[in-house]
Amino acid sequence: AEAIAATEAEAAAAVEAAERGAASAQLQRQQLQADLTARVGAAEAAAAAAREELGAQAVAHGQRVATLDGELERERAARAASEERARGAARERDATAEELR
């Protein structure tokens, strides 16, 4: 009877230890899940901030390109007008030279 009682006590202690181990493992799993959730949230927030920054940079770049396009178009128009004035002056010079002959 004492041997049975001792075996039952050992079995009860083993069950209790297993339950404590299972509870500890469950707590660790919950802590790891909470940590993972926090890390995923932080990564998603960082990705959103990066997307926003890239969007702002793209807008600024687009504005700069539009400004440069405008400047280039104005320079082309000015050059075309200058070339037209030069051709007009050359025609006048040629006409004057023809009259002088």
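Notes on the structure follow.

So, how was this worked out
- Residues numbered from 1 in each chain as written.
- Predicted model: local features only at pLDDT ≥ 70, side-chain atom pairs only at ≥ 80, totals over all residues.
- Heavy atoms only, no water.
- Helix = DSSP H or I, 4+ residues; strand = E, 2+ residues; numbered from the N terminus.
- Rg over C-alpha atoms; globule rule 2.2 N^0.38 Å.
- Buried < 20%, exposed > 50% of the residue type's maximum accessible area, 1.4 Å probe, protein only.
- Salt bridge = Lys/Arg side-chain N within 4 Å of Asp/Glu carboxyl O.

**Observations concerning the overall build of the protein chain**
In step 1: Along its length, the protein chain carries one helix and zero strands.
In step 2: For 101 residues, the compact-globule formula gives about 13 Å, and the C-alpha radius of gyration of the protein chain, at 43 Å, lies well above that figure.
In step 3: On the principal axes, the C-alpha backbone points of the protein chain span a range of 145 × 15 × 5 Å.
In step 4: Within the protein chain, the proportion of its 101 residues that are buried is 1%.

**Observations regarding the pattern of salt bridges**
In step 1: A complete count under the given rule lists six salt bridges for this structure.
In step 2: Here glutamate 16 and arginine 20 are joined by a salt bridge, their closest N and O atoms 3.0 Å apart. Of this pair, glutamate 16 and arginine 20 both sit in helix α1 (residues 2-100), four residues apart, which is roughly one turn of that helix.
In step 3: Here glutamate 84 makes a salt bridge to arginine 91, at a shortest N to O gap of 3.3 Å.
In step 4: A relative accessible area of 48% places arginine 91 in the partly exposed class.
In step 5: Beyond isolated ion pairs, a larger network of salt bridges with shared partners links Glu84, Arg87 and Arg91.

**What to know about the environment of leucine 27**
In step 1: Tracing the backbone shows leucine 27 in helix α1.
In step 2: A relative accessible area of 46% places leucine 27 in the partly exposed class.
In step 3: Between the alpha carbons of leucine 27 and alanine 66 there is a distance of 58 Å; along the sequence they are 39 residues apart.

**Examining the environment of alanine 49**
In step 1: Among the secondary structure elements, alanine 49 is positioned in helix α1.
In step 2: Residue classification places alanine 49 among the partly exposed residues on the basis of a relative accessible area of 46%.
In step 3: Expressed as a C-alpha distance, the spacing of alanine 49 and glutamate 75, which sit 26 residues apart in the sequence, is 39 Å.

Honestly, that's just the spatial picture; any functional story needs more than this.
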